[in-house]
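Commentary on secondary and tertiary structure
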Amino acid sequence: MGNRAVITFTNGDRKTYNENEVGVYLHWNGSPEQVEQFLADTRELMGDRLGDAIYAKARLMQVIGNAIDGNLSFGVGLCSELDTENGDNGTYLVDPETMMVVEHR
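Please read these numbers as outputs of a predicted model, since none were measured by experiment. (Residues numbered from 1 in each chain as written. Predicted model: local features only at pLDDT ≥ 70, side-chain atom pairs only at ≥ 80, totals over all residues. Heavy atoms only, no water.)

**Considerations on the overall build of the protein**
Assigned secondary structure in the protein consists of two helices and five strands. Mapped from its N terminus to its C terminus, the protein presents α and β elements in the order β-β-α-α-β-β-β. Viewed in the frame of its principal axes, the protein has a C-alpha envelope of about 40 × 30 × 20 Å. Looking at the protein as a whole, 44% of its 105 residues are labelled buried. Taking contacts inside the protein between residues at least 6 apart in sequence as the whole, the part at least 24 apart equals 65%. For the protein, the computed accessible surface area is about 5600 Å², with 48% contributed by carbon and sulfur atoms. Averaging the coordinates of the 8 positive side-chain charges in the protein and doing the same for the 17 negative ones gives two points 4 Å apart. (Helix = DSSP H or I, 4+ residues; strand = E, 2+ residues; numbered from the N terminus. Buried < 20%, exposed > 50% of the residue type's maximum accessible area, 1.4 Å probe, protein only. Contact = heavy atoms within 4.5 Å. Areas by Shrake-Rupley, 256 points an atom, 1.4 Å probe, with all protein chains shown as cover. Lys, Arg positive; Asp, Glu negative; His and termini not counted. Charge placed at Lys NZ, Arg CZ, Asp CG, Glu CD.)

Here's what the structure looks like:
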């Protein structure tokens, strides 16, 4: 099947996400170790601008896109369009201001 996961971003309460929030779908790169590495690389790239949630979300997508070759295994859409209950690694909720996983479902 894959090593699937969805990465999405928390609401203001830092515990929930909205079905209309953007999410990142990973087909082969969704293990906790891989997701944590994508987030670490994004934190490094953002540097002193890490608190800028809008830019951090975009840079996370850039980091993932740069890491995955080809035209498969990486997608972006609304959570309502993505397989958030994928049977592999589920969904990672990330605080967009810190780029840290706050919950893994």
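**Comments concerning the pairing of strand E1 (residues 5-9)**
By the criterion of burial, E1 is predominantly enclosed, with five of the five residues buried. Taking every second residue as pointing to the same face, both faces of E1 are buried, with Ala5, Ile7 and Phe9 on one and Val6 and Thr8 on the other. Two elements, E1 and strand E2 (residues 22-26), share four bridges in a ladder whose sense is antiparallel. Counted as the bridge partner of alanine 5 is leucine 26 from E2. (Pairing = 2+ DSSP bridges.)

**Some points on the sheet that holds strand E3 (residues 74-78)**
Sheets are built from strands paired through backbone hydrogen bonds, the pairs being either parallel or antiparallel. Read from one edge to the other, the open sheet built from five strands follows the order E3-E2-E1-E4-E5, with strand pairing classed as mixed. Two strands bound the open sheet, and with one partner strand each, they are E3 and strand E5 (100-104). Ignoring strand direction, the axes of neighbouring strands in this sheet form an average angle of 30°. Packing against the sheet, helix H1 (residues 32-46) makes contact with E1, E2, strand E4 (91-95) and E5, and its axis sits at approximately 150° to E5. Taken strand by strand, helix H2 (residues 53-67) contacts E1, E2 and E3, and its axis lies near 15° from that of E2. (Axes fitted to C-alpha atoms, helices over the stretch in contact; angles between N-to-C directions.)

**Structural notes on the side chain of threonine 91**
Among the secondary structure elements, threonine 91 is positioned in strand E4. A polar side-chain atom of threonine 91 sits 2.7 Å from the main-chain carbonyl oxygen of threonine 84. Not counting residues within four places of it along the chain, the set of residues in contact with threonine 91 comprises Val6, Thr8, Tyr17, Thr84, Glu103, His104 and Arg105. (Polar contact = N/O pair within 3.5 Å; in protein donor to acceptor, adjacent residues only side chain to side chain.)

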